[in-house]
Amino acid sequence: MKHMKQLIIAGSLAAIAATGCENPADGKVAAKVEETAKPKEAASAKPAAEKSAKPMAEKKMAPAFKVEGDHKLVAADSKIEWVGSKVTGKHEGGFKKFEAAASLKDGEIEGGKVMVKIMTDSLHSDDDKLTGHLSSDEFFDVKKFPEAHFVSTDVKKGGEGNFSHTVTGNLTLHGETKKITFPATITKDGDKVKVASEFVINRKDFGMAYPGKPDDLIRDEVVIKLDLALAKA
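Here's a quick rundown of the structure. (Residues numbered from 1 in each chain as written. Predicted model: local features only at pLDDT ≥ 70, side-chain atom pairs only at ≥ 80, totals over all residues. Heavy atoms only, no water.)

### Topic: the pattern of salt bridges
Inspection of the entire model under this criterion finds eight salt bridges. In this structure, Lys178 and Glu35 form a salt bridge, with 3.6 Å as the shortest nitrogen-oxygen distance. Of this pair, Lys178 sits in strand S10 (residues 176-189) while Glu35 sits in strand S1 (residues 32-35), placing them 143 residues apart in sequence. Lys178 sits in the buried class, given a relative accessible area of 7%. Ionic pairing is found between Asp216 and Lys86, a salt bridge with its closest N-O pair at 3.5 Å. On the criterion of sequence distance, the pair formed by Asp216 in strand S13 (residues 216-217) and Lys86 in strand S3 (residues 79-86) is long-range, its members being 130 residues apart. Using a relative accessible area of 12% as the deciding quantity, one classes Asp216 as buried. (Salt bridge = Lys/Arg side-chain N within 4 Å of Asp/Glu carboxyl O. Helix = DSSP H or I, 4+ residues; strand = E, 2+ residues; numbered from the N terminus. Buried < 20%, exposed > 50% of the residue type's maximum accessible area, 1.4 Å probe, protein only.)

### Looking at the pairing of S3
Sheet analysis places S3 next to strand S14 (residues 221-232), joined by five bridges and oriented antiparallel. Pairing of Glu81 across the sheet is with Lys225, part of S14. If you look at the hairpin formed by S3 and strand S4 (residues 89-95), you'll find two residues sitting between the two strands. (Pairing = 2+ DSSP bridges.)

Shown next, in the form of structure tokens:
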């Protein structure tokens, strides 16, 4: 009897997989994700006893993340969205509150910098119950990690697919900082800069490992859509 139940469950899962929704990430460019380089310890590090002798008052808090650049975000013309899916369907959403800026080098984006800060508690989706779940500690954990940050380290011409540029930088999400590389279309028109991109990240790379229900597993791939308009400050 137990064996029969296992066969029925296995058959049901196979049927769901065969008839389930297509993966929205299929055919999209996957961001390259790497570990960030760890700073080397100074050769003349002080002995542990000497370090511990410092009064607690001398400990400094990490500086707040500031978004700086000569081109500032035009919020009304910008959006950050995502598409996630499970075996039986997909969901779309985004973030309502975020900041961004770009610094040009000799008037060009190549060699310049792009910075983005997202307030994670502004997360929204096409289902209120899902929004609450995504905000919980099983996903974004917005109470513990109220912000997500991206700082580019390299912007160069030439991008995969039909994109014009390749952007590399450090993404801090859910308390994890990873080096990511993704394609983007970046255009400059007078004092305005536009950054548009659509790429895929794996949520598990950033510690979001909740699997979903046994008969409705959540896919690891998430499509990220960026559409940022920036104007000279």
